[in-house]
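Architecture and fold: a report
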Amino acid sequence: MKTVKNWACTALILLAVSGAVFAGGKGDAGAGGVDAIKKAGVLKVGVKSDVPGFGLLNPETGKYEGLEIELSKLIANEIFGDPERVAFTPVTAKTRGPLLDNGDIDFVIATFTVTEERKLTYNFSSIYYTDGVGLLTKTAAGYKSLKDLNGKTIGVAQSATSRKAIEDGAAALGVKVSFAEFATYPEIKAALDSGRVDAFSVDKAILRGYLDSSVGLLDDTYAPQPYGVATKLGNKDLAAWVDGLIQKWLKDGTVGGLVRKYSL
Ligand code: GLU
């Protein structure tokens, strides 16, 4: 009896170990490669919901639109032969990384700037678009450039590249600014409207989503923001596969066509 018990115990351990090895193999546990997405039956992509031309949830149609949405659909088409087999999750600068890490989404295609530091934490594809950091201010304040913001407070998003870009730009001009950090862009816009901050800084593409009759974009552009498709760090197969697609679409004019379609 004892022997049978021991045998069963060994078999269980072996099963558990082989399961762990299998889960940690090709494509990494959690997220998985293309086969895992096929098996799930739907492609899960983290996108922006408030960036016109990139990822925007159109309140009139209730549908997502923009270059990053179309890239997601093209990827779904490669996997399933159906561009609509994609589920979008709205993300922010703060939530997109953790959602990838958890395996809740397969890709982030959400104005995600590729930096050397971030490459240590995520895989990024080739660059499909390069934006730049800008400043949104109240028109009535009469600011023309960062130089006019000496002693003022700039609203930036947590986990975004904006703060560093403006810090470097201000240092180069010999201008002193302070920062207030927020989790989301609507919060920064509300702070700008109420006068809690004097300027709202992030990529110009994102700022365009917050333009209204009382605010305007300054001409200055700081720090190029190259966007790539991000995957979970351990998911090298999926990263290489999607990079191949992005490279192909850069070469054959697909990406250029989308840039023109959305006037980016
Ligand atoms: N693109 C910048 C970044 O990745 C701005 C933040 C954002 O994408 O929301 O940090």
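Scroll up for the structure.
Residues numbered from 1 in each chain as written. Predicted model: local features only at pLDDT ≥ 70, side-chain atom pairs only at ≥ 80, totals over all residues. Heavy atoms only, no water.

**Quick look at the nonpolar core**
Applied cut-off: Here, nonpolar core means buried Ala, Val, Leu, Ile, Met, Phe, Trp, Tyr and Cys residues that are tied together by side-chain atoms lying within 4.5 Å of each other. The cut-offs for exposure are 20% and 50% of the maximum accessible area for each residue type, with area from a 1.4 Å probe on protein chains only; residues under the lower value are buried, those over the upper are exposed, and the others partly exposed. What makes two residues a contact is simply this: any of their non-hydrogen atoms within 4.5 Å.
Judged by nonpolar contacts, the single largest core of 48 residues is most densely connected at Leu-43, Leu-71, Ile-75, Phe-107, Tyr-128, Tyr-185 and Phe-200. Among residues more than four places away in sequence, those in contact with Tyr-185 are Lys-48, Asp-50, Ala-93, Ala-157, Ala-160, Phe-200, Val-202, Ile-206 and Tyr-210. In this structure, Leu-146, Ile-166, Val-177 and Phe-179 belong to the second largest nonpolar core, which totals 16 residues.

**Things to note about helix 9 (residues 254–261)**
To keep things clear, this is the line we draw: Segments assigned H or I by DSSP are reported as helices when at least four residues long, segments assigned E as strands when at least two residues long, and all are numbered from the N terminus. Directions from the helix axis toward the C-beta atoms define the arc.
Within the span of helix 9, buried status applies to Val-255, Leu-258 and Val-259. All buried residues of helix 9 project into a common sector of 105° when viewed along the axis, lining one side. Summarising the geometry of helix 9, the exposed residues directed more than 90 degrees from the buried face are Arg-260 and Lys-261. Turning to helix 9, the residues buried within the fold contact helix 3 (67–80), strand 8 (129–138) and helix 8 (236–251). Of the residues one or two after helix 9, Ser-263 is the one with positive phi, at around 50°.

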